[in-house]
Amino acid sequence: MKRHTFIDRYFESQRALLRLDTIEEHDVNSLFTYLNNLHSTADKLKELFDCNIKDHPDFKLLRTIRNYFHHVGDVDHIRMFVSIEENVQFDRVQHLIIPLETFAKSVKSFIDNAMVPQNDRQYQKKLKFVSKEMASISECYSYNNDLLTNMEVFCNKPSLKLDGVVHELGFDMYRFIFNITNLIAERCRAIEELAGKPTIIELGDEYSVSNNIDRIDMFCTPDKKPITTTKGMIYARHVELAI
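Residues numbered from 1 in each chain as written. Predicted model: local features only at pLDDT ≥ 70, side-chain atom pairs only at ≥ 80, totals over all residues. Heavy atoms only, no water.

As a further point, take the layout of surface pockets. Volume-wise, the largest pocket comes out at about 930 Å³. The wall of the largest pocket is formed by 30 residues, among which Y141, Y143, G170, I227 and T228 lie closest to the centre. Broken down by class, the residue content of the lining of the largest pocket amounts to 19 nonpolar, five polar and six charged. Of the volumes computed, that of the second largest pocket is approximately 240 Å³. In this structure, the second largest pocket is lined by 13 residues; those nearest its centre are Q14, L18, Y174, F178 and Y207. Counting only elements with at least two residues in the lining of the second largest pocket, the list comes to α1 (5-18) and α8 (174-189). (1 Å grid on protein atoms, 1.4 Å probe; cavity = no way out; pocket = protein on both sides within 12 Å on 5 of 7 lines; lining within 4 Å. Points joined across faces, edges and corners; volume = space filled by probe spheres on them. Nonpolar A, V, L, I, M, F, W, Y, C, P; charged D, E, K, R; others polar. Helix = DSSP H or I, 4+ residues; strand = E, 2+ residues; numbered from the N terminus.)

Right, let's get into the state of the cysteines. A complete count under the given rule lists zero disulfides for this structure. The thiol sulfur of C155 is not disulfide-bonded, and the nearest other cysteine sulfur, from C140, lies at 18 Å. For C155, a relative accessible area of 15% puts it in the buried group. (Disulfide = S-S within 2.5 Å. Buried < 20%, exposed > 50% of the residue type's maximum accessible area, 1.4 Å probe, protein only.)

A few words on the pairing of strand β4 (residues 159-162). What you see with β4 is a clean split: L160 and L162 sit on the buried side and S159 and K161 on the side with no burial. Pairing geometry for β4 and strand β5 (residues 165-168), over four bridges, is antiparallel. The residue bridging L162 from the neighbouring strand is V165, located in β5. Taken together, the three bridges between β4 and strand β10 (residues 239-241) define a ladder with antiparallel strand orientation. Bridging from a neighbouring strand, L160 pairs with L241 of β10. (Pairing = 2+ DSSP bridges.)

The geometry of α1 relative to helix α2 (residues 30-49) is characterised by a closest axis approach of 9 Å and an angle of 150° between their N-to-C directions. When the axis of α1 is compared with that of α2, the two are roughly antiparallel. α1 and α2 meet at a crossing whose hand is left-handed. Residues F6, I7, R9, Y10, S13, Q14 and L17 of α1 form the contact with α2, whose participating residues are S30, L31, T33, Y34, N37, L38, T41, K44, L45, L48 and F49. (Axes fitted to C-alpha atoms, helices over the stretch in contact; angles between N-to-C directions. Parallel < 35°, antiparallel > 145°, perpendicular 65-115°, else oblique. Left-handed = near helix turned anticlockwise from the far one by under 90°. Contact = heavy atoms within 4.5 Å.)

With that settled, consider the packing of α1 against α8. Taken N-terminus to C-terminus, the directions of α1 and α8 make an angle of 150°; their axes are 12 Å apart at the nearest point. Classified by the angle their axes make, α1 and α8 are roughly antiparallel. As for how α1 packs across α8, the hand of that crossing is left-handed. Where α1 abuts α8, its residues I7, Y10, F11, Q14, L17 and L18 lie against Y174, I177, I180, T181, I184, A185 and C188. For the contact of α1 with α8, the residue count by class is eleven nonpolar, two polar and no charged.

Scanning the model with the defined rule gives eleven aromatic pairs in all. Among the aromatic residues, those joined into a ring-pair cluster are F103, Y141, Y143, F171 and F176. (Phe/Tyr/Trp six-rings, centres within 6.5 Å; stacked < 30°, edge-to-face > 60°.)

A separate point is the sheet that holds strand β3 (residues 94-99). Strand order in this open sheet of three strands is β1-β3-β6, and the pairing throughout is antiparallel. With one partner strand each, in any of the chains shown, β1 (78-81) and β6 (170-172) form the two edges of the open sheet. The sheet shows a mean angle of 35° between the axes of neighbouring strands, direction not considered. Across four bridges, the pairing between β1 and β3 is antiparallel. Bridging across to β3, F81 finds its partner in Q94. Docked against the sheet, α8 engages β3 and β6, running at close to 120° with respect to β3.

This paragraph deals with the pattern of salt bridges. A full pass over the atoms with the stated rule returns nine salt bridges. One salt bridge connects K108 with D112, and the closest N-O pair in it is separated by 2.8 Å. In this pair, K108 and D112 both sit in helix α4 (residues 100-114), four residues apart, roughly one turn of the helix. A network of salt bridges, in which partner residues are shared, links K60, R63 and E133. (Salt bridge = Lys/Arg side-chain N within 4 Å of Asp/Glu carboxyl O.)

Just geometry here; none of it tells us what the structure is for.
Set out below in structure tokens:
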């Protein structure tokens, strides 16, 4: 009988979610399954091997979305190949996009559940905890402070008019999933009981934190304005507020 099958389930669900040969197919369960397996993997690594990935910013961000998905509302997603124009370079080949509104609601749900009324004796302690968690997420997501400052706007279908057409803004999860998977692979290789599992042995050298995608993963010339929408990247010449 196989041992520690939570590792097998994690990498199987990660591959099922991001396989390039299925990028044009939509599996309504794939993201939900992946996020639950990530959550379970983090729990078991800590419990069984005292290996903590829960403090990693990418994990915290994904856990926030997972908890919203699990307890509050649906998280619709689309996958597509990265659209590249001249003088644009991406450090990834595909997107996994959810509405930016959904991510904002995930953050708001986390804060609402974590906080207590201001007159509660635990208020300062809770505030310190929430502030620490948000600072950590900001390490991997550059616009988190903008979201926190304009929460009402971000939670109400944030949109922009791009070349005269209104587009709902999107949030690309791909980098965070890619990076946390590399971290889990490295941690498993460092644990003797997991390093010998076929699932880990068969991982390629690309499963390494050294290959993680940086927070700035797109480079372009000033005349390009690629903006993430729920329909992918839009390269707009004219960007206006959607009123």
